[in-house]
Amino acid sequence: MRKPPDMFDRDREWAALVRFASDEQPGATLGVVSGRRRQGKSFLLESLCQEAGGFYFSAQEATDAESLASLGAALTRYLDPVVPFVLPNWATAIDALLRIGRDRAIPVVIDEFPYLARAHPALPSIIQGAYAPRRAERVESRTRLLLCGSAMSFMGRLLSGNAPLRGRASLDLPVDTLDYRLARRFWEIEDVRLAALVHAVVGGTPAYRTEMIRYDRPRDLGDFDDWVVRAVLSPGSPMFLEARYLLAEEPDLRDSAMYHSVLAAIAEGNNGRGGIAGYVGRKSNDLSHPLTVLEDAGLIVRETDAFRGNRTNFRIKEPLLTFYHTIMRPFWPQLMRATATDRIWQRATQRFTSNVLGPHFERLCRDWTLHFAEDRFGGWPVEVTAGTVNDPANRTTHELDVVAIGHADGGKPPLLAIGEAKWGDTMGIGHLDRLRHIRDLLSHNDRYDTSQTRLICFSATGFTDDLLHSRDQGKVDLITLSDLYD
């Protein structure tokens, strides 16, 4: 089954959907496709149905009766029966979808499934019953039913724990944002510095370029500031309210003020639970629920400190949310009036560099080390995170931006590499000496094997001559912005 020529990348997702939809084995099957809005899920599924002659239905926020009537009308248009479909209940509706696959394997898609389940909470249980292993309607069908949704917290629970559909699905496909390398290609940006700047603002969500910004992009580095003003900070742009809508789209995020405050705390650099609690004015134990909900919604990720197993750091996953809480939210009344947008952005430049670009560059460095460095550091890393190292002699601690850990293979896990990342600083021999000191500290720790640990300096600006010379002395890697993208 050919992939549509206007579909950018998504080779892995398309191949998985094609395998699922074209499976000729007898018996109806069930699949789940999830991902936040504007990642291209509907485009993928509509394309699949067009190529395979399948049935696609996109649900809307509606009453149960209206949704059943809309599905019946869609089935009538698709099958063109003598008598129009009238679906009295969801059990009848699911059986009608199973009958579509009586003669051949065929994809059947219910998009925005959470809307239907919200109006009829028993719907997952009804599908479970329809997919009973020996039920004739399932055995005699080759319908490849795909349930799709953007409410990540809901979709994450659909197949988990004691959920009715757990164990019923033969496909569980997440559609994530484009990684930073793919995002550069999608935005068609040659300059790697400009690509990193754009990614720090809007991330890798495809629709931000196509539907919302309408292919507007900065022409060059000199146009970046004007682009931010016209494409993101201006009330007339659809991107202006997008960060606020990301929270509104999740049904489990009911106390929006609390969730915005938690995100603001993380954006301000409060990555630990205690720092977040102090920022929002709550006890640390009170944050368990909002942090879990934000994580389930795919808006934050939790990372374990490489050297302190009991310490968890929280980071915002969607760059636009970091940009909003760092740059836009503090000046929201002024931005709404759109009278001094240029001056607001100019005043926020330093804040953008320190609170947005710096942490974002560190994230790119970790992503590169995990996904693109392969075995450059003597082995494939199984985990790349940040870490805090105790220095008892000096009564201080040292922060590491990149810690690459290899597979244990029966002994202590090898510490493949430790690194520091600087967006705006030219790195010199002092940065390397700091990493050497930290490696010496870690050599006295029994947690990791540090015998082959390499030192990495990541810089988007460059390196001094003495540091460039030290690179030739072994176990030192100097990584530029171009290296991250090439």
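This text follows the structure it describes.
First, a word on scope: everything that follows refers to the structure included in this document. Owing to the predicted nature of the structure, the values given are computational and were not obtained by experimental measurement. (Residues numbered from 1 in each chain as written. Predicted model: local features only at pLDDT ≥ 70, side-chain atom pairs only at ≥ 80, totals over all residues. Heavy atoms only, no water.)

Observations regarding the overall build of the protein chain
Reasoning step 1: A tally of helices and strands in the protein chain yields 23 helices and 12 strands.
Reasoning step 2: The C-alpha extent of the protein chain, read off along each of the three principal axes, is 80 × 65 × 50 Å.
Reasoning step 3: Within the protein chain, contacts between residues separated by at least 24 positions form 66% of all contacts whose residues are at least 6 apart in sequence.
Reasoning step 4: Charged side chains in the protein chain number 59 positive and 64 negative. The centres of these two groups are separated by 3 Å. (Helix = DSSP H or I, 4+ residues; strand = E, 2+ residues; numbered from the N terminus. Contact = heavy atoms within 4.5 Å. Lys, Arg positive; Asp, Glu negative; His and termini not counted. Charge placed at Lys NZ, Arg CZ, Asp CG, Glu CD.)

Quick notes on the pairing of strand 4 (residues 143–149)
Reasoning step 1: Of all seven residues making up strand 4, seven are buried, and the element is well covered by its neighbours.
Reasoning step 2: Summarising the sheet, strand 1 (residues 29–34) and strand 4 pair through six bridges and their orientation is parallel. Looking at the pairing, G31 lines up with L146 of strand 4.
Reasoning step 3: With five bridges connecting them, strand 3 (residues 106–111) and strand 4 associate as parallel partners. Among the inter-strand pairings, V108 is bridged to a residue of strand 4, identified as L145. (Buried < 20%, exposed > 50% of the residue type's maximum accessible area, 1.4 Å probe, protein only. Pairing = 2+ DSSP bridges.)

A short note on the sheet that holds strand 11 (residues 454–459)
Reasoning step 1: Spatially, the five strands line up as an open sheet ordered 8-9-10-11-12, and their pairing is mixed. The sheet is open, and its two borders are formed by strand 8 (383–391) and strand 12 (476–480), each paired with just one other strand. Neighbouring strand axes in the sheet, compared pairwise and without regard to direction, differ in orientation by 30° on average.
Reasoning step 2: Bridge count for strand 11 against strand 12 is five bridges, and the pairing is parallel. The partner of I456 across the bridge, within strand 12, is D477.
Reasoning step 3: Where helix 21 (residues 429–443) meets the sheet, its contacts fall on strand 8, strand 9 (396–405), strand 10 (415–422), strand 11 and strand 12, and the angle it forms with strand 10 comes to roughly 145°. (Axes fitted to C-alpha atoms, helices over the stretch in contact; angles between N-to-C directions.)

Notes on the packing of aromatic side chains
Reasoning step 1: Under the defined criterion, the tally for this structure stands at 18 aromatic pairs.
Reasoning step 2: Pairing F240 with W332 gives two aromatic rings, centres 4.5 Å apart and planes at 15°, and the pair type is stacked. With F240 in the loop between helix 12 (224–233) and helix 13 (242–248) and W332 in helix 18 (residues 332–337), this pair connects stretches of sequence that are 92 residues apart.
Reasoning step 3: Accessibility expressed as a relative area gives 13% for W332, which makes it buried.
Reasoning step 4: Geometrically, the ring pair formed by F307 and Y448 is edge-to-face, given 5.9 Å between the ring centres and 85° between the ring planes. Separated by 141 residues along the polypeptide, F307 in the loop between strand 6 (300–304) and strand 7 (312–316) and Y448 in the loop between helix 21 and strand 11 bring together distant segments of the chain. (Phe/Tyr/Trp six-rings, centres within 6.5 Å; stacked < 30°, edge-to-face > 60°.)

Some details on empty space enclosed by the protein
Reasoning step 1: Throughout the structure, instances matching the rule amount to two cavities of 30 Å³ or more.
Reasoning step 2: By volume, the largest cavity is sized at about 50 Å³.
Reasoning step 3: Contributing to the lining of the largest cavity are Y180, A183, R184, W187, I189, A195, V198, H199, G203 and Y485.
Reasoning step 4: If you tally residues by element for the lining of the largest cavity, the top one is helix 9 (residues 180–187), at four residues. (1 Å grid on protein atoms, 1.4 Å probe; cavity = no way out; pocket = protein on both sides within 12 Å on 5 of 7 lines; lining within 4 Å. Points joined across faces, edges and corners; volume = space filled by probe spheres on them.)

Concerning the sheet that holds strand 3
Reasoning step 1: In space, the five strands of this open sheet follow the order 2-3-4-1-5, with parallel pairing throughout. Looking at the sheet topology across the chains shown, the edges are occupied by strand 2 (55–58) and strand 5 (169–174). With strand direction ignored, the average angle separating the axes of adjacent strands in the sheet is 15°.
Reasoning step 2: This element, helix 4 (residues 90–99), spans strand 2, strand 3 and strand 4 of the sheet and lies at about 125° to strand 4.

The quantities given are spatial measurements derived from coordinates; they are silent on function.
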